[in-house]
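Structural characterization, general
Letter by letter, the chains look like this.
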Amino acid sequence: MISIQVNSNNLTCKSTNLATLLVELEYADSIVATALNGEFVAQNNRVNTPIQQGDKVEILAPMQGG
Amino acid sequence: MKDFYGVHLDTPFMLGTAQYPSPAILAEAFTRSKASVATVSLRREASDNKAGQDFWQLIKQLNVRVLPNTAGCHTVKEAVTTAHMAREIFGTKWIKLEVIGEEDTLQPDVFGLVEAAKILSEDGFQVFPYTTEDLVVADKLVNAGCRVLMPWGAPIGSGMGLNNVFGLRALRSHFPDIPLVVDAGLGLPSQATQAMELGIDAILLNTAVSKAGDPAMMAEAFALAIRAGQLAVGADPMEPRDMASPSTPIFGKAFLD
């Protein structure tokens, strides 16, 4: 288990890459975009993007905007 | 009407999707507005909260183009990363680029805006920059690759209307071939008409509709006002003059002295 931040919330996870993290956090069926440590990670790159202790992950969804 | 990055819009009305009393009222406002474009955004969402997913399903049913924004971004890096995330989610190269520089007025940081616009344009984005009416900044945005300019009318959500008519007129005159969209600050339909009469190509607004007592009715009011301004420009208005000119013919008037 490693400790990371997701959307500024501290949590521990067993995932080792961004794709499995989304499944572990139950985002698998959601339309979301991701960033790791401030850098955009495209959907098809998530499986190749390792998650490490202390990483900061952003998971964003569609929202109203002006 | 000019194209926007090669896209013809049926109406020159871009409407925001935020701050409506309910999703149903948002949908009704869009129907009555006949808007061609809906602005959308990205925000954090917990996995057990499906509001964002439901919202996206609603927008897809409106049959409009989406224009994602980078609202709330204060740095070039934030805006560029958000733009990439938006492109993936919404499946469009269009991005309404906002780099906010000042909290009280939400005035754009035009230095960061130009830098971000260049990065995104070179990466294949079609950038709609939220900017001021400053000619020099506009010129730098065009040089950075922007083929649309979106000057503010007034600060976001203020409802003040067109704060600098001279500046907008100068922008129109200086960039005759670049589509101009007045984005932000409008509160009343008459202000949208005024903008269109200046030769502005489209109107983008949100708060004036969503915060009206009857958003759907206000959406239709703006649609009619925008259409009125568009028709007036097409009709080639008369030149104003300082002195009176009688509209009723003098010829044939009785001499009654």
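Above: the structure in question.
Here is a short report on the structure shown in this document. Note that the coordinates shown come from a computational prediction; the quantities given were computed from them, not determined experimentally.

**Overview of the overall build of chain B**
- Per the secondary structure count, chain B includes nine helices and eight strands.
- In terms of overall dimensions, chain B is globule-like: its C-alpha atoms have a radius of gyration of 20 Å, near the 18 Å expected for 257 residues.
- Its C-alpha atoms give chain B principal-axis dimensions of about 90 × 40 × 35 Å.
- Relative to its full complement of 257 residues, chain B shows a buried share of 53%.
- Total accessible area on chain B is roughly 12,300 Å²; 55% of this is exposed by carbon and sulfur atoms.
- Distance from the positive charge centre (21 side chains) to the negative charge centre (29 side chains) of chain B: 4 Å.

**Some words on the interface of chain B and chain A**
- In this assembly, 29 residues from chain B lie in contact with 27 residues from chain A.
- At the boundary of chain B with chain A, total buried surface from both sides reaches about 2,400 Å², with 57% on carbon and sulfur atoms.
- Sorting the residues of chain B by area buried against chain A places Arg 44, Met 85 and Glu 88 of chain B first, and these three jointly supply 28% of that buried surface.
- Counting the contacts that link chain B with chain A gives three salt bridges.
- For the pair chain B and chain A, the interface holds 20 residue pairs in polar contact (both at pLDDT 80 or more).
- Elements represented by at least two residues in the side of chain B that touches chain A include exactly strand S2 (37-44), helix H2 (51-61) and helix H3 (76-90) of chain B.
- Of the residues that constitute the side of chain B that touches chain A, the class distribution is 10 nonpolar, 11 polar and eight charged.
- Here five bridges tie strand S5 (residues 56-64) of chain A to S2 of chain B, and the two strands are oriented antiparallel to one another. Following the sheet pairing, Met 63 of chain A is matched in S2 of chain B by Ser 41 of chain B.

**Examining helix H1 (residues 23-33) of chain B**
All names here are of chain B.
- Taken together, the buried positions of H1 are Leu 26, Ala 29, Phe 30 and Ser 33. Looking down the long axis of H1, one finds its buried residues gathered within 100 degrees of arc, a one-sided arrangement. Projecting away from the buried face of H1 at angles above 90 degrees are the exposed residues Ala 24 and Thr 31.
- Where H1 is buried, its residues touch strand S1 (13-16), S2, H2, helix H8 (207-210) and helix H9 (215-234).

**Side note on unusual backbone geometry**
Residue and element names in this part refer to chain B.
- Of note in this structure, Gln 19 is not a glycine but carries a positive phi near 70 degrees.
- Tracing the backbone through its elements, the reader meets Gln 19 in the loop between S1 and H1.
- Its relative accessible area of 45% is what places Gln 19 among the partly exposed residues.

Conventions and cut-offs
- All chains use their own residue numbering, which begins from 1 and follows the written sequence.
- Naming scheme: in the order in which they are written, chains are lettered from A and ligands are numbered from 1.
- Only residues with pLDDT of 70 or above have their local features reported here, since the model is predicted, and side-chain atom pairs are shown and tallied only from 80 upward, although totals for entire chains, interfaces and linings are computed over all residues.
- Computation of side-chain values: all heavy atoms of the structure, hydrogens and water removed.
- Secondary structure is summarised from DSSP: a helix means a run of H or I of at least four residues, a strand means a run of E of at least two, and numbering begins at the N terminus for each.
- Based on C-alpha atoms, the radius of gyration is set beside the globule rule, defined as 2.2 Å times the residue count to the power 0.38.
- Using a 1.4 Å probe on the protein chains alone, a residue whose accessible area is under 20% of its type maximum counts as buried, one over 50% counts as exposed, and one in between counts as partly exposed.
- The method behind every accessible area is Shrake-Rupley, applied with a 1.4 Å probe, and residues are considered shielded solely by the protein chains displayed.
- Just so you know, the count uses Lys and Arg for positive and Asp and Glu for negative, and it drops His and the chain ends.
- To locate a charge, the coordinates of NZ of Lys, CZ of Arg, CG of Asp or CD of Glu are taken.
- Here, two residues are considered to be in contact whenever any of their heavy atoms come within 4.5 Å of each other.
- Joining two parts hides part of their accessible area as seen by a 1.4 Å probe, and the buried area is that hidden amount summed over both.
- By definition, a salt bridge exists where a carboxyl oxygen of Asp or Glu is found within 4 Å of a side-chain nitrogen of Lys or Arg.
- Side-chain atoms alone can form a polar contact between residues adjacent in sequence; in general such a contact is a pair of N or O atoms within 3.5 Å, and within protein one must be able to donate a hydrogen while the other accepts it.
- The residue classification treats Ala, Val, Leu, Ile, Met, Phe, Trp, Tyr, Cys and Pro as nonpolar and Asp, Glu, Lys and Arg as charged. All others, Gly included, are polar.
- Only when DSSP finds a minimum of two bridges between them are two strands counted as paired.
- Read the arc as the range of directions from the helix axis to the C-beta atoms.

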